[in-house]
Amino acid sequence: MILDLFTRCVLISLLAFGGGQAALPLIERIAVGETGWLSPQDFATAVAFGYVTPGPVLITTTFLGYRAAGIAGACAATVGIFLMPWALATAAAQQLQRFMQHPWLQRFGRGAAPAVVGLLVITALHLGRDAFSSGVHVGIAGIALALAMWTKLHPIVILLGGALLGAVYGLLKGIETL
């Protein structure tokens, strides 16, 4: 299991063009669909925690590794997801400046960017399917969207506010069933 976690995270890191957000659909497919290491709800929680923590969203794989195989799994997933990008960035640092203005690389970037946006939309739709279990949750999402678009509130404040509203709603709903 540990080796499987490590090798799959290395694969994800090699295919994560566009950063951590672009890798989320692949992580979801592997962790939820192929291996069953996480439920859709656990994956949504992992993504939320990935956004709360300082640093890259790919820290989500640490949570995935922990849920799949404990501390050893968390370590294997974390090293696996960050090892190849670190090694490739280190190896390419000297050559990068020379190629930055190459027309082929610029065309590659212009083509990859819309593909990344499409993958993000698919991930958002999958997360939304599992997150919107009631009208209250849709309302929380609408409020979060409005706050993110029209205020200067930090995303963590919005996320914590949404979590608080969800917890209060869950508590009230639990009281109703008593």
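Residues numbered from 1 in each chain as written. Predicted model: local features only at pLDDT ≥ 70, side-chain atom pairs only at ≥ 80, totals over all residues. Heavy atoms only, no water.

Let us now look at the environment of L3. Counting through the fold element by element, L3 comes out in helix α1 (residues 2–15). In this structure the C-alpha to C-alpha distance between L3 and A76, which are 73 residues apart in sequence, comes to 7.5 Å. (Helix = DSSP H or I, 4+ residues; strand = E, 2+ residues; numbered from the N terminus.)

This paragraph deals with the pattern of salt bridges. Following the criterion strictly, the structure yields three salt bridges and no others. Here D4 and R8 are joined by a salt bridge, their closest N and O atoms 2.9 Å apart. With a gap of four residues between them, D4 and R8 both fall in helix α1, about one helical turn apart. The shortest N-O distance in the salt bridge between D42 and R67 comes to 2.9 Å. A residue pair is termed long-range when its members are at least 10 positions apart, and D42 in helix α3 (residues 40–52) and R67 in helix α4 (residues 60–99) qualify at 25 residues. Through salt bridges with shared partners, a single ionic network connects D4, R8 and E34. (Salt bridge = Lys/Arg side-chain N within 4 Å of Asp/Glu carboxyl O.)

So, on to the packing of aromatic side chains. Centre distance and the angle of the planes are the two values used to describe a pair of aromatic rings. Inspection of every chain in the model, using the stated rule, returns one aromatic pair. The interplanar angle of 20 degrees and the centroid separation of 5.7 Å between the aromatic rings of W104 and F108 together place this pair among those described as stacked. Separated by four residues within a single helix, W104 and F108 lie in helix α5 (residues 103–131), roughly one turn from each other. (Phe/Tyr/Trp six-rings, centres within 6.5 Å; stacked < 30°, edge-to-face > 60°.)

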